[in-house]
Amino acid sequence: MVKKVDHIGILVGNLDEAIKLYEDCFGAEVDRIETVPEQGVKTAILSLGQGANLELLEPLPGSNMAKVLEKRGEGLHHITFDVDNVDKELSRLSGRGIELIDKKSRPGLEGMVAFIHPKSIRGVLVELCQKI
Ligand code: ZN
């Protein structure tokens, strides 16, 4: 089952400017910055009060994410739920007819992750994450 909302992914055109905006406007603090070539992004995890973190995503040039940014512009990209066991959740959801992007969990930034198709979740891209 879902334990909590882990983070909210936000697509941005310029990571440094976006970090400064969230710091200045909302008092967010940078936890870490990482480049993840497999996902075509440079990311910053920001903590903000006691709730879910924010994950700012700047696409790397020529990546699929760059195309998404070009097509849809900046804004909300995904919501990530923290779960005990990603693969168990995937089989439960697919048994309910939910369309998955990842049929199996794979290594992500902080553990095993998988994405669920927004088509099945009312237009929201959902990421499941199992911390290691
Ligand atoms: Zn994420």
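Residues numbered from 1 in each chain as written. Predicted model: local features only at pLDDT ≥ 70, side-chain atom pairs only at ≥ 80, totals over all residues. Heavy atoms only, no water.

(A) Just the coordination of the zinc ion, in detail. Bound to the zinc ion are the protein donor atoms H7 (NE2), E55 (OE), H78 (NE2) and E127 (OE), situated 2.1 to 2.4 Å from the metal. Each of the four donor atoms bound to the zinc ion contributes to angles spanning 87 to 177°, and the resulting shape is irregular. When the donors of the zinc ion are listed by position in the chain, the intervening gaps give H-x47-E-x22-H-x48-E. Residue H7 is found in strand 1 (residues 2-11), and its partner E55 is found in strand 4 (residues 53-59); the two are separated by 48 residues along the sequence. (Donors = N, O, S within 2.8 Å, 3.2 Å for Na, K, Ca; no water. Tetrahedral: all angles 85-135°; square planar, octahedral: opposite > 155°, others 65-115°. Helix = DSSP H or I, 4+ residues; strand = E, 2+ residues; numbered from the N terminus.)

(B) Up close: the sheet that holds strand 4. Taken in spatial order, the eight strands of this open sheet run 2-3-4-1-5-8-7-6, and their pairing is mixed. Looking at strand neighbours, the two that pair on one side only are strand 2 (29-36) and strand 6 (106-107), the edges of this open sheet. Strand direction decides the pairing type here: strand 6 and strand 7 (residues 111-116), joined by two bridges, are antiparallel. Residue pairing in the sheet places P107 in a bridge with M112 of strand 7. (Pairing = 2+ DSSP bridges.)

Remember that the coordinates give geometry; whether it matters functionally is a separate question.
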